[in-house]
Amino acid sequence: MTVTSILMNKHLPLVSVSPTARVESVIELMKKNGAGSVVVVGDCGQFEGMITERDIFKAIDTRLSVVQSLLAKDIMSSRVETCTVDDSEASLMERMVETGVQHLPVVSGGEVIAVVSIGDLVEVRVRKIRTMLQEIEDVLHIEKHLEYFTRNLKPFMLLNSPSALKQNSSLPREQRQAG
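Being a predicted model, the structure only gives us computed values, none of them experimental.

Some details on the confidence of the model for the protein
- Model confidence for the protein is summarised by a mean pLDDT of 75, while 69% of its residues fall at 70 or above.
- No element of the protein has a lower mean pLDDT than helix H8 (residues 173-178), which averages 53, and none a higher one than helix H5 (residues 89-99), which averages 89.

Some words on the sheet that holds strand S3 (residues 47-52)
- Read across the open sheet, the three strands follow the order S1-S2-S3; overall the sheet is mixed. The two strands at the open ends of the sheet, each matched to only one other strand, are strand S1 (16-17) and S3.
- Of the strand pairs in this sheet, strand S2 (residues 37-41) and S3 are connected by five bridges, and their pairing is antiparallel. What sits directly across from Val41, in S3, is Phe47.

Brief notes about the side chain of Ser117
- Checked against the element boundaries, Ser117 lands in strand S5 (residues 111-117).
- Dropping the residues within four chain positions of it, Ser117 is found in contact with Met96, Gln102 and His103.

Thoughts on the pairing of S5
- Looking at chain direction, strand S4 (residues 103-108) and S5 are connected through six bridges and run antiparallel. Across the sheet, residue Pro105 finds its bridge partner in S5, namely Val115.
- The turn linking S4 back onto S5 is made up of two residues, and Gly109 within it adopts a positive phi angle of 60°.

Definitions and cut-offs
- Residues numbered from 1 in each chain as written.
- Predicted model: local features only at pLDDT ≥ 70, side-chain atom pairs only at ≥ 80, totals over all residues.
- Heavy atoms only, no water.
- pLDDT = per-residue confidence, 0-100.
- Helix = DSSP H or I, 4+ residues; strand = E, 2+ residues; numbered from the N terminus.
- Pairing = 2+ DSSP bridges.
- Contact = heavy atoms within 4.5 Å.

Next up, the structure:
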């Protein structure tokens with residue numbers, strides 16, 4: 001699949017801001033569009049950079065003292081999608097796509113034991129694809145060798161064919177053994 005194919009299925013618009021946009025308005029724009037990032041574009045339309053959610057977290061950590069007065073409960077999501085150790089990779093991917101979440105807490109015995117991210121699932125898929133490609137390469141390699149042997153052993157195979165054996169059987173015993 002190419003980037004073009006991916007973009008044809010992408011439903012979120014490209015969100016961009018100018019380099020002079022206030023971070024407060026960038027956050028609002030990201031929330032409004034459900035975007036995890038915005039592209040920073042200069043006055044002439046040139047790409048200048050990108051702001052991600054992580055960049056905003058870093059900025060809040062180092063520059064906004066107001067955040068220090070908030071508690072985790074003040075900013076947490078209380079309705080969180082979870083999964084279990086028995087859920088399949090495909091079902092997790094489907095759930096993440098449907099709900100738009102990128103992290104799923106793994107619950108076992110009523111406790112959270114881990115978090116699975118979309119990055120984890122992509123990594124699993126990449127490994128599977130690499131394994132499949134290796135298997136295909138192995139098959140092609142074997143087929144190449146079979147083709148070589150078939151081509152080079154064909155004269156020998158013809159000698160052992162039923163018609164060749166029948167012809168050979170009509171020869172005197174001495175000539176059959178020499179052949």
